[in-house]
Amino acid sequence: MLFIVFRLGQDRYALNARELLEILPLAQIKRVPQAPTGIAGLLDYHGVMLPVIDLSALALGQAAAERISTRMVVVEMENGRRFALIAERANEMLQREATDFTEAEVMVDAAPYLGPVTSDARGIVQWIAPEKLFSPAVYDALFHQMREAA
C-alpha cells in the first residue's frame, strides 16, 4: 500500500493513497463563519463545493502553517462524499503493507481517526482514518452546513 506522509506539529502521520483523489497546492478557500473547530471552509473543486478540514486545527488547535509543502488532499469516502484535508509538509510517500502497522498502545476517545502505527528510519508514523474524523451525525451536519453556505 502507498501512503502520503504529512506532519501535525513534529509528528508524522499517513493517509492511504487509495482514498485520495488528488493532491493540490494550498488554495484559496471560502471561510464559513461559526463552523466547528477544524473546518477551514469551502473549496471550489472543479465546480463542486467541498468542505475543507484543517487537520492541524482539528488535532492541535492551531491552523496549518502556509508553507510550500502544505497541501490540500482531496479524499473520497466509501459513501461517495468528498472533502479536502489541509496537511502540512505533505511531501513524502511511504510504502507499507497493512500488516506492517500495529495498534497504538494509547487510544484517545476524542481522536478516533488515529489509527495504528509503524516506523521507519525517520521515526514513528501513525495512520489516519479520514472517515473517522467526525461522527456520522457531525458529517451529515457538516455537509448540510457546507451546502447551505455555498
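Below or above, wherever it landed, is the structure these notes cover.

1. A look at unusual backbone geometry
Right, so step 1: Here Gln34, not a glycine, exhibits a phi torsion of approximately 65 degrees, which is positive.
Right, so step 2: With respect to the helices and strands, the residue Gln34 is situated in the loop between strand S3 (20-25) and strand S4 (39-45).
Right, so step 3: With relative accessibility at 79%, the residue Gln34 sits in the exposed group.
Right, so step 4: With phi around 55 degrees, His46 is a residue other than glycine that occupies positive phi space.
Right, so step 5: Structurally, His46 is set in the loop between S4 and strand S5 (48-54).
Right, so step 6: A residue is classified by how much of its surface remains accessible, and His46, at 66% relative accessible area, is exposed.

2. What about the pattern of salt bridges?
Right, so step 1: Counted under the stated rule, the structure contains five salt bridges.
Right, so step 2: The residue Arg12 makes a salt bridge to Asp120 at a minimum N-O spacing of 2.9 Å. Placement of Arg12 in strand S2 (residues 11-16) and of Asp120 in strand S8 (residues 114-120) is noted, with a sequence separation of 108 residues between them.
Right, so step 3: Residue classification places Arg12 among the buried residues on the basis of a relative accessible area of 4%.
Right, so step 4: Two residues, Glu92 and Arg122, come together in a salt bridge whose shortest N-O distance is 2.6 Å. One end of the pair, Glu92, is in strand S7 (residues 82-95); the other, Arg122, is in the loop between S8 and strand S9 (123-128), and 30 residues separate them in sequence.
Right, so step 5: Looking at Glu92, the relative accessible area reads 17%, which means it is buried.

3. Thoughts on the pairing of S5
Right, so step 1: For S5, a buried count of five out of seven residues is recorded, marking the element as mostly surrounded by other parts of the structure.
Right, so step 2: In this structure, the hairpin formed by S4 and S5 is closed by a connection of two residues, where His46 is found at a positive phi of approximately 55 degrees.
Right, so step 3: Where S5 and S7 come together, three bridges link them in parallel fashion. Bridge assignment links Asp54 to a residue of S7, and that residue is Ile86.

4. Some remarks on the nonpolar core
Right, so step 1: One finds Phe6, Leu15, Leu55, Phe83, Leu85 and Leu133 to be the most contacted residues of the largest nonpolar core, which totals 20 residues.
Right, so step 2: Sorting the residues of this core by element identifies strand S1 (2-8), S2, strand S6 (71-76) and S7 as the ones contributing at least two each.
Right, so step 3: Ranked by residue count, the leading element in this core is S7, at four residues.
Right, so step 4: Leu24, Ile29, Tyr45 and Ala64 belong to the second-largest nonpolar core, a separate cluster that totals twelve residues.

How each quantity is defined
- Residues numbered from 1 in each chain as written.
- Predicted model: local features only at pLDDT ≥ 70, side-chain atom pairs only at ≥ 80, totals over all residues.
- Heavy atoms only, no water.
- Helix = DSSP H or I, 4+ residues; strand = E, 2+ residues; numbered from the N terminus.
- Buried < 20%, exposed > 50% of the residue type's maximum accessible area, 1.4 Å probe, protein only.
- Salt bridge = Lys/Arg side-chain N within 4 Å of Asp/Glu carboxyl O.
- Pairing = 2+ DSSP bridges.
- Core = buried A, V, L, I, M, F, W, Y, C linked by side-chain atoms within 4.5 Å.

On their own, these measurements won't tell you what the molecule is for.
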